[in-house]
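One letter stands for each residue in the lines below.
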Amino acid sequence: MKADTVTLDEVDRGLVHALQIDGRAAFRAIGAALGVSENTVARRYRRLRTAGILRVVGTLNGARLGYSAWTIRLRCTPDAAGAMATALARRNDISFVHLLSGGTEISFSTQTRSSDESDALLLHQLPRTARVTSVSAHLLLNHYALPNNWAGPARLTPEQAALLTPPPAVDTEVDLEEPMDLKEGDRALLEALGRDGRAGYAELATVTGWSDTTVRRRIATLRRAGVLIFLVDIPSAALGFRAEARLWMSVQPSELTAVAAAMAGHPEASLVAMTTGPTNLLAAVNCRSAQDLSRYLTERIASLDAIRTIETAPVIRTLKRAGTLLLPT
């Protein structure tokens with residue numbers, strides 16, 4: 001089912017926002033916040049998930065493990081881009097695979113655990129054929145906005161949101177400044193949550209070989225440590241944002257932090273990150289129409305004088321977002 005053929009009502013939109021606040025919130029708690037029954041929430045979630053519109057994905061914040069995050073751009077001949085994007089999307093170590101710019105460019109994200117792994121990916125594993133006309137790798141240095149905080153799904157009042165926001169947890173055993181290590185069984189847990197972030201504790205216990213109690217405790221620990229993040233995986237078009245684009249900008253270095261912070265405050269921006277490469281700032285933006293995207297570029301972005309150059313690449317097709325492959329296997 002295509003995202004632009006599905007109409008979300010107020011309960012659906014409230015459900016999406018609730019899951020953005022806490023991807024594993026109980027349906028009973030979501031129902032209480034929305035003023036509907038637990039069964040209604042469960043039924044709406046199952047309908048949207050079965051339709052392929054909505055799911056919750058557990059994602060790994062590699063920065064907390066000392067990993068490096070990359071955004072890669074491949075420019076291809078038109079006859080090769082689709083097949084190449086599909087092949088990349090099938091890899092477990094790659095996410096956010098998009099066809100851009102008339103279908104001749106692919107962008108995707110990955111995380112590498114070491115310099116050797118980065119070299120292996122960038123120098124040997126990426127396709128090197130005559131059909132790939134250029135490869136550009138951008139190391140992400142700092143994030144100012146991330147998809148889990150994007151304002152697009154926002155629907156609930158502050159009072160409703162407060163009912164679902166987990167209380168801040170203080171874990172004196174976790175040093176957020178130091179990379180932490182995964183334990184035996186964490187890989188299996190994270191892979192299962194990558195397929196379904198709302199998988200039940202009994203199912204996760206089977207996958208990991210742990211008890212339900214151990215699974216529950218380990219998820220809580222990984223969340224408090226910032227290693228495990230739950231994202232709402234939903235096409236922006238389903239929320240009414242039909243013009244999605246990637247922006248690569250060259251910003252005056254002395255103003256880079258200020259520009260990044262300003263863009264992070266834009267409701268259109270679902271990602272703002274400082275990068276290496278020929279440009280130094282990357283943004284993912286979502287607008288309701290091409291006209292709104294035009295206004296965003298010529299009014300909001302144009303008012304940031306420190307931006308020297310900007311390259312805009314519209315998203316033509318998304319093959320994969322945060323979780324597993326979106327295409328049939």
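Bear in mind the structure is a predicted one, so any value in this text is a computation, not a measurement.

**A word on the overall build of the protein chain**
Here is step 1: Of the regular secondary structure elements, the protein chain holds eleven helices and ten strands.
Here is step 2: For 329 residues, the compact-globule formula gives about 20 Å, and the C-alpha radius of gyration of the protein chain, at 20 Å, lands near that figure.
Here is step 3: With respect to the three principal axes, the spread of C-alpha positions in the protein chain is 50 × 45 × 40 Å.
Here is step 4: Sequence separation of at least 24 residues holds for 76% of the intrachain contacts in the protein chain that already meet a minimum separation of 6.
Here is step 5: Entry remark: accessible area of the protein chain is about 15900 Å², with carbon and sulfur atoms responsible for 51%.

**What about the pattern of salt bridges?**
Close approach of charged atoms lets side chains of opposite charge pair.
Here is step 1: What the rule picks out here adds up to 20 salt bridges.
Here is step 2: Arg75 serves as the salt-bridge partner of Glu105, at 3.7 Å between the closest nitrogen and oxygen. Within this pair, whereas Glu105 is found in strand β4 (residues 105–112), its partner Arg75 is found in strand β2 (residues 68–76), the two being separated by 30 residues in sequence.
Here is step 3: Overall, the relative accessible area of 2% leaves Glu105 in the buried class.

**Topic: the packing of aromatic side chains**
Here is step 1: Enumeration over the complete set of coordinates arrives at two aromatic pairs.
Here is step 2: Stacked on the ring of Trp248, the Lys or Arg Arg73 has its end atom at 3.6 Å from the ring centre.
Here is step 3: It is Arg198 that lies over the ring of Phe27; its NZ or CZ is 4.4 Å from the centre.

**Topic: the nonpolar core**
Burial of nonpolar side chains together is a common tendency in soluble globular proteins.
Here is step 1: Counting 44 residues, the largest nonpolar core has Leu19, Ile30, Leu54, Leu204, Ile219 and Ile234 as the members making the most contacts within it.
Here is step 2: Mapped onto this core, the elements with two or more residues apiece are α1 (10–21), α2 (27–34), α3 (38–50), α7 (186–195), α8 (201–208), α9 (212–224) and β6 (228–233).
Here is step 3: Contacts of Leu54, omitting those with residues within four sequence positions, involve Leu15, Val16, Leu19, Tyr45, Leu48, Arg49, Val232, Asp233 and Ile234.
Here is step 4: Judged by nonpolar contacts, the second largest core, of 23 residues, contains Val259, Ala269, Met274 and Ala283.

**What about the pairing of β2?**
Here is step 1: Among the nine residues in β2, seven count as buried, and that is most of the element.
Here is step 2: Bridge analysis of β2 against β4 gives eight bridges, and the strand direction is antiparallel. Bridging across to β4, Ile72 finds its partner in Phe108.
Here is step 3: Note: β2 against strand β5 (residues 132–145), seven bridges, orientation antiparallel. In the sheet register, Trp70 faces β5, and the bridge partner there is Leu139.

**What about the side chain of Asp186?**
Here is step 1: Residue position: Asp186 is located in helix α7.
Here is step 2: By relative accessible area, Asp186 is classed as buried at 0%.
Here is step 3: Of the polar contacts made by the side chain of Asp186, one reaches the side chain of Arg218; its length is 2.7 Å.
Here is step 4: When residues no more than four places from it in sequence are discounted, the contact partners of Asp186 are Trp210, Arg218 and Leu222.

How each quantity is defined
- Counting of residues starts from 1 at the beginning of each chain's written sequence and follows it residue by residue.
- In view of the model being predicted, local features appear only for residues whose pLDDT reaches at least 70, and side-chain atom pairs are presented and counted only at 80 or more, with totals across whole chains, interfaces and linings using the full set of residues.
- Computation of side-chain values covers all heavy atoms of the structure but excludes hydrogens and water.
- Numbering of helices and strands runs from the N terminus; a helix is a DSSP stretch of H or I covering at least four residues, while a strand is a stretch of E covering at least two.
- In this treatment the radius of gyration is a C-alpha quantity, and the globule benchmark scales as 2.2 Å times the residue count to the 0.38 power.
- When checking whether two residues touch, look at their non-hydrogen atoms; a contact exists if any pair is within 4.5 Å.
- For every accessible area listed, the method is Shrake-Rupley and the probe measures 1.4 Å; residues are considered covered only by the protein chains on display.
- Any carboxyl oxygen of Asp or Glu within 4 Å of a side-chain nitrogen of Lys or Arg constitutes a salt bridge here.
- Three labels apply to residues, based on accessible area from a 1.4 Å probe with only protein chains included: buried if under 20% of the type maximum, exposed if over 50%, partly exposed otherwise in between.
- The criterion for an aromatic pair is that two Phe, Tyr or Trp rings (for Trp, the six-membered ring) have centres within 6.5 Å, with stacked assigned to planes under 30 degrees apart, edge-to-face to planes over 60 apart and tilted to the rest.
- Here, over-ring charges are defined by two tests on the NZ atom of lysine or the CZ atom of arginine: distance to the ring centre within 6 Å, and angle to the ring normal within 35 degrees.
- Buried Ala, Val, Leu, Ile, Met, Phe, Trp, Tyr and Cys residues form a nonpolar core when they are joined through side-chain atoms within 4.5 Å.
- Each pair of strands is called paired provided DSSP finds at least two bridges between the two strands.
- N or O atoms closer than or at 3.5 Å make up a polar contact, with two conditions inside protein: a donor-capable atom paired with an acceptor-capable one, and, for residues adjacent in sequence, both atoms drawn from side chains.

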